[in-house]
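One letter stands for each residue in the lines below.
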Amino acid sequence: SIKTLQMYKPLNDYIETEIKQPIKYDDDSYYLGEWQKNTDKRHGRGIQLWKDKSKYMGQWKDDKPNGYGKFESSNGDYYIGEWIDGKANGKGKFVNSNGSSYEGEWKNDKQDGEGIEVWPDGSEYRGSYANGSKNGFGEFKWGNGCIYIGNFINNDINGKGKYIFEDNRSYEGMWINNKMNGFGRFKWPDGRIFEGEYVNDKKDGFGIFSWPDGRIY
């Protein structure tokens, strides 16, 4: 409705606009809102409704969502935030109907930059994304209390990082595809420490075991 559109700011780009009767498109979608005057370009504030009941509400420019707006999918998912040429670009929040969500930076409809992702079981990730995946430095907290702080490549733990288990054991070192691989330091709550090489989560090759009383093996 026109009242809904008033929730969104005018573009204030000095382009004259007008409101027409709702327009129906070939795909059976409808548009209600502002148009660039004397043209067929959606421009200003508008609502697009699709046959499956998905809808976009917000700002338009050059006949595409541009600026700030909200897209609601027919399955209950929604994105609210910044748009460039019909795609999520800039800062925005995506909420999945399953209860998970992502809030942060976007590029061409993909998570890209810094963001926070949370899941219904209490798990949470804060860190870097690139091309829709966790890439770079981040912190992942699982719902069971485990924590990883370090590097990610394409959603997997890769590179240098520290993992703290729910029983407070910890490993700090190198990782390949979510497994301890390379040199690392494993510490137990009672003070025992192992420093050495790992392959696929297992000690392999040279290493040194030390105890709180000073014994070394």
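Residues numbered from 1 in each chain as written. Predicted model: local features only at pLDDT ≥ 70, side-chain atom pairs only at ≥ 80, totals over all residues. Heavy atoms only, no water.

Turning next to the overall build of the protein. Helix and strand content of the protein: one helix and 18 strands. Relative to its 217 residues, the protein shows a buried fraction of 34%. Here the protein has roughly 12900 Å² of accessible surface; of this, 49% comes from carbon and sulfur atoms. Mean positive and mean negative side-chain charge positions of the protein (32 and 34 charges, respectively) differ by 2 Å. (Helix = DSSP H or I, 4+ residues; strand = E, 2+ residues; numbered from the N terminus. Buried < 20%, exposed > 50% of the residue type's maximum accessible area, 1.4 Å probe, protein only. Areas by Shrake-Rupley, 256 points an atom, 1.4 Å probe, with all protein chains shown as cover. Lys, Arg positive; Asp, Glu negative; His and termini not counted. Charge placed at Lys NZ, Arg CZ, Asp CG, Glu CD.)

With that settled, consider the side chain of S123. Here S123 is to be found in the loop between β10 (110–118) and β11 (124–130). We classify S123 as buried; its relative accessible area is 5%. A polar contact is formed between the side chain of S123 and the backbone nitrogen of G143, at a distance of 3.1 Å. The contacts of S123, once residues within four sequence positions are left out, are E117, V118, F140, K141, W142 and G143. (Polar contact = N/O pair within 3.5 Å; in protein donor to acceptor, adjacent residues only side chain to side chain. Contact = heavy atoms within 4.5 Å.)

Applying the stated criterion across every chain yields a total of 13 salt bridges. Here D28 and K51 are joined by a salt bridge, their closest N and O atoms 3.7 Å apart. With D28 in the loop between β2 (23–24) and β3 (30–36) and K51 in the loop between β4 (42–49) and β5 (55–61), the pair connects residues that are 23 residues apart, well separated along the chain. By relative accessible area, which is 63% here, K51 ends up exposed. Taking the shortest distance from any N to any O, the salt bridge between E195 and R185 comes out at 3.5 Å. Residue E195 is found in strand β17 (residues 193–199), and its partner R185 is found in strand β16 (residues 179–187); the two are separated by ten residues along the sequence. Among the charged side chains, a network of salt bridges with common partners joins K24, D28 and K51. (Salt bridge = Lys/Arg side-chain N within 4 Å of Asp/Glu carboxyl O.)

Residues in a regular strand project their side chains so that they alternate between the two faces of the sheet. As judged from the six bridges shared by strand β13 (residues 147–153) and strand β14 (residues 156–164), these two strands associate in the antiparallel manner. Residue pairing across strands places I147 opposite I164, the latter belonging to β14. Counted between consecutive antiparallel strands, the loop separating β13 from β14 contains two residues, among which N154 sits at a positive phi close to 50°. Here six bridges tie β14 to strand β15 (residues 170–176), and the two strands are oriented antiparallel to one another. Looking across to β15, one finds that K162 is bridged to E172. Taking the residues between adjacent antiparallel strands as the criterion, β14 and β15 are bridged by five residues, where N168 takes a positive phi near 80°. (Pairing = 2+ DSSP bridges.)

Now for the environment of H43. Locating H43 in the fold gives a position in strand β4. By relative accessible area, H43 is classed as buried at 0%. Residues H43 and W60, 17 residues apart in the sequence, show an inter-C-alpha distance of 4.8 Å. In this structure H43 touches L11, D13, I15, T17, Y31, E34, W35, Q36, W60, K61 and D62, once residues within four positions along its chain are discounted.

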